[in-house]
Amino acid sequence: MASAQNPLLQDFIFPPYDVIEANHVCPALQSLLTKLENDLIELEKTVEPTWPKLVVPLEKIIDRLSVVWGIVNHLSSVKDSPEFRAAIEGIQPSKVEFQLKLRQSKPIYDAFKAIRESSDWENLSDARKRVVEMKLKEAVLYGVSLEDAKRERFNEIEQELEKLAQKFEQNILDATKKFEKVITDKKEIEVDLCERKFTVHVSRASDGPLNNTPIIERILELRLEKAKLLGHSNYAEVSMETKMATTDRAKDLIDKLHNASWGPAIQDMEDLRDFARGQGAEEANDLNHWDINFWSERLRESKYDLNEEELRPYFSLPKVMDGLFNLTKKLFGIDIEPAVGAAPVWNTDVSFYKVKDSSSTPLAYFYFDPYSRPLEKRGGAWMDVVVGRSCVISSDNISPRLPIAHIVCNQTPPTRDKPSLMTIREVEAVFHEFGHALQHMLTKQDEGLVSGNQGIEWDAVEIASQFMENWCYQRDTMLSFAKHYETGEVLPEDICLRILTARTFRAGSQLLRQLRYAGVDLELHSSYVPGGRESIYDIDQKIDKYAAGYYSYQWAEVLSADAFSAFEEAGLDNDQSLREMGYKFQETILARGGGKSPNEVYLEFRGREPTPDAFLCYNGLLPTIAA
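Scoring rules and cut-offs
Residues numbered from 1 in each chain as written. Predicted model: local features only at pLDDT ≥ 70, side-chain atom pairs only at ≥ 80, totals over all residues. Heavy atoms only, no water. Helix = DSSP H or I, 4+ residues; strand = E, 2+ residues; numbered from the N terminus. Buried < 20%, exposed > 50% of the residue type's maximum accessible area, 1.4 Å probe, protein only. Contact = heavy atoms within 4.5 Å. Areas by Shrake-Rupley, 256 points an atom, 1.4 Å probe, with all protein chains shown as cover. Core = buried A, V, L, I, M, F, W, Y, C linked by side-chain atoms within 4.5 Å. Pairing = 2+ DSSP bridges. Axes fitted to C-alpha atoms, helices over the stretch in contact; angles between N-to-C directions. Phe/Tyr/Trp six-rings, centres within 6.5 Å; stacked < 30°, edge-to-face > 60°. Arc of directions from axis to C-beta. Parallel < 35°, antiparallel > 145°, perpendicular 65-115°, else oblique. Left-handed = near helix turned anticlockwise from the far one by under 90°. Nonpolar A, V, L, I, M, F, W, Y, C, P; charged D, E, K, R; others polar. Polar contact = N/O pair within 3.5 Å; in protein donor to acceptor, adjacent residues only side chain to side chain. pLDDT = per-residue confidence, 0-100. Expected span 1.5 Å × (residues − 1).

A. Structural view of the overall build of the protein chain. Counting its regular elements, the protein chain contains 24 helices and five strands. Out of the 627 residues in the protein chain, the part that is buried amounts to 51%. Across the protein chain, every contact between residues at least 6 apart in sequence was considered, and the portion connecting residues at least 24 apart equals 73%. For the protein chain, the exposed surface amounts to about 29300 Å²; the carbon and sulfur share of it is 49%.

B. Region of the structure containing the nonpolar core. Counting 96 residues, the largest nonpolar core has Phe315, Phe366 and Trp471 as its most contacted members. The contacts of Phe315, once residues within four sequence positions are left out, are Val320, Ser420, Leu421, Met422, Ile424, Val427, Met478, Phe481, Ala482 and Ile499. Of all hydrophobic cores here, the second largest spans 61 residues; its members include Ile20, Val72, Val132 and Ala339.

C. Layout of the sheet that holds strand 1 (residues 335-338). Taken in spatial order, the five strands line up as 1-2-3-5-4 in an open sheet, and their pairing is mixed. Only two strands of the sheet have a single partner each, and these edge strands are strand 1 and strand 4 (382-387). Across the sheet, the mean angle from the axis of one strand to that of its neighbour is 25°, orientation sign disregarded. Bridging between strand 4 and strand 5 (residues 404-411) involves five bridges; their strand directions are antiparallel. What sits directly across from Met383, in strand 5, is Ile407. Each of strand 3 (362-371), strand 4 and strand 5 touches helix 2 (residues 51-78); the most contacted strand, strand 4, lies at about 145° to it. Seen against the sheet, helix 13 (residues 317-332) touches strand 1, strand 2 (351-356), strand 3 and strand 5 and runs at an angle of roughly 155° to strand 3.

D. Just the pairing of strand 3, in detail. Of all 10 residues in strand 3, eight are buried; the element is thus mostly enclosed. Two strands pair when backbone bridges link them, and strand 2 and strand 3 are joined in this way by six bridges, in the antiparallel orientation. In the sheet register, Lys356 faces strand 3, and the bridge partner there is Pro362. Here strand 2 folds back onto strand 3, and the loop between the two strands holds five residues, one of which, Ser360, carries a positive phi near 70°. Judged from the six bridges that link them, strand 3 and strand 5 form a sheet pairing that is parallel. Across the sheet, the residue bridging to Tyr367 is His406, located in strand 5.

E. View of the packing of aromatic side chains. Under the definition given, this model contains 29 aromatic pairs. Judged by centre distance (6.2 Å) and plane angle (55°), the ring pair of Phe315 and Phe481 falls under tilted. Here Phe315 is found in the loop between helix 12 (308-311) and helix 13, whereas its partner Phe481 is found in helix 16 (residues 475-481), with 166 residues between them in sequence. Owing to a relative accessible area of 1%, Phe315 belongs among the buried residues under this scheme. Judged by its relative accessible area of 0%, Phe481 falls in the buried class.

F. Focus on helix 17 (residues 493-502). When helix 17 is considered as a whole, its buried residues turn out to be Ile495, Cys496, Ile499, Leu500 and Ala502. The buried residues of helix 17 all sit within an arc of 165° when viewed along its axis, so they share a single face. Looking at the buried side of helix 17, the elements it contacts are helix 11 (289-304), helix 12, helix 14 (424-441) and helix 16.

G. Examining the packing of helix 2 against helix 4 (residues 106-117) more closely. Running from amino to carboxyl end, helix 2 crosses helix 4 at an angle of 130°, the nearest separation of the two axes being 10 Å. Viewed along their axes, helix 2 and helix 4 adopt a mutual orientation that is oblique. With respect to the hand of their crossing, helix 2 and helix 4 are arranged in left-handed fashion. In this structure, helix 2 contributes Leu54, Val55 and Leu58 to the contact, and helix 4 contributes Ile108, Ala111, Phe112 and Ile115. When grouped by side-chain class, the residues that make up the contact of helix 2 with helix 4 number seven nonpolar, no polar and no charged.

H. Looking closely at the environment of Arg273. Mapped onto the fold, Arg273 is located in helix 10 (residues 247-278). Along the sequence, Arg273 and Ile292 sit 19 residues apart, while their C-alpha atoms lie 9.0 Å from each other. Here Arg273 is in contact with Ala284, Asn285 and Leu287, once residues within four sequence places are set aside. Reaching out from Arg273, the side chain makes a polar contact with the side chain of Glu270 at a distance of 3.2 Å.

I. Up close: the confidence of the model for the protein chain. Considering every residue of the protein chain, the mean pLDDT works out to 88; 89% of them sit at 70 or more. Long-range and interchain partners of residues 545-550, a stretch whose pLDDT sits below 50, account for 21 contacts in this model, where long-range means more than four residues apart.

J. Structural detail: the pairing of strand 2. Where strand 1 and strand 2 come together, four bridges link them in antiparallel fashion. Opposite Asp335, over in strand 2, you have Lys356 as the bridge partner.

K. Local environment of helix 8 (residues 213-229). When the terminal C-alpha atoms of helix 8 are compared, their 25 Å separation across 17 residues agrees well with the 24 Å that a helix rising 1.5 Å per residue should span. The complete set of buried residues in helix 8 reads Thr213, Ile215, Ile219, Leu220, Leu222, Lys226, Ala227 and Leu229. Remark: Gly231 follows helix 8 within two positions and exhibits a positive phi of approximately 90°.

L. Up close: the side chain of Lys129. With respect to the element layout, Lys129 can be found in helix 5 (residues 126-141). Sequence-distant contacts of Lys129, that is, excluding residues within four places in its chain, are made with Trp121, Glu122 and Leu124.

M. Examining the side chain of Lys135 more closely. Inspection of the secondary structure assignment puts Lys135 in helix 5. Residue classification places Lys135 among the buried residues on the basis of a relative accessible area of 11%. What Lys135 contacts, discounting residues up to four positions off in sequence, is Ile62, Phe112 and Leu449.

N. Looking closely at unusual backbone geometry. Positive phi, close to 70°, is recorded for Ser360, a residue that is not glycine. Within the element layout of this structure, Ser360 appears in the loop between strand 2 and strand 3. Exposure remark for Ser360: the relative accessible area of 44% places this residue in the partly exposed category. The backbone phi angle of Asn397 is positive, close to 60°, even though this residue is not glycine. Within the element layout of this structure, Asn397 appears in the loop between strand 4 and strand 5.

Structure representation (structure tokens):
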């Protein structure tokens, strides 16, 4: 197909999602990679250690590929097909090869190094310093300093890891599509089916042609080899290079969280056994994972008189979105309005929105794809970047390009007579992903390589998303959107309070579970020997006895809770104080992007170092610390 006719290669503000097909992918990427390869050769010939001669042309190369590949990747996630898979598998090696050339470019690396060592360094803005330091670190982590044979092996590893990651995701999607269970006996819906559901869920893609176990083992083996090529003893050390917290701070946090959760977790299990015994359960003295899930939900229903399924009518998607948009207007002074027909979409269920400031100036746009489509769409919820804010990539060479995002969820679709009705956990997921989108869309950073979520250390990326989650459990916010879809009746006050109280149900167990996942992750990437005497399942069982490990998600949870507590201190019932605190959060956490160290940005917002007290308090675990 001639490149002039290929929709992926057109100049567009909003991607032409309605006309892009699988057969456009390979021709578009082949043509684009050829052009970008020539651009890279030209840049390496003419590069100078100045912003116009180094960063501007480099950003244009990086941006063009990330936008086109991002569109392709997005469509494969929401509109999967054998044709899309074949197209991606066909072109992926060429894409990876080009990215490695770019990241390992010695002339580009030397130019960045010259800027870093120049007498003008101190005159650069914080954002530009961060770009330089980020690109130097990235080049080293991608093997710029490796000799020829080692670099060649490094590149082979990167190619294989990319293929394995793609195959892993495809296996999970295919295993999910493949499962079906016909129920003819009503009794099966109780505990017997819980075991089946649990086993099927946790064992997806773990045997037969869709088995991910050898893929996991091979990924771990390759990551270890890659780490050693880069001069590290394990992959955990490589990963730590791109994190916000120091190892000492991480260990201190893990110890505090473990100490706070251990006692309550043991009590949780005792309470669960007692309850199951009281209900005449034979398995009460030896609860399996599926038993724990089943009896936890029964105990929760009994203790708080709550049934998530029965509460769905109060959480309809249209009212939840109205509540979310009203909250963001109250906190950040922004308006969100539907922009029907302004941009092509990939499915008729997809909505498109414009984000404006208080003077109606457009700030950003986003797509929202809320409903489950199991045959073509991967599970879960996520936010992805379409394009980021950038002064280099500008349609008029005056104002920066505005950010555009995707927000994707997997909720129950509406029927002819009712809207999509949600559980509180699904509400939480929407608020979470919208928090990611806010950080992308409300950035004021014009340096494209560090705007929005770009260039932010991995353990700080979750702060804005988890901060927004906290608002789901704030009484006034919940009552603003919890209205019966048929009658308009507001969720009764007593039920609202029971939902808020139930948030801390089994909090010790839940936290310990997260720490366990962290422990498995750390062990697999630090001490595990691929092909050795212990399998990945042996490691999992060993960690089950507890090991303090990776902290990233917990670190973000602690910071987000600490940030939310600043709004509590300001007064949740004081709109003026909330707006002032919202402005402060907006101008720091949301606006700075990766243009300043997250530690500095957080200190600027909060006026002090973060503490875990608010997180532990919200989870009902603070008294343990005091004791």
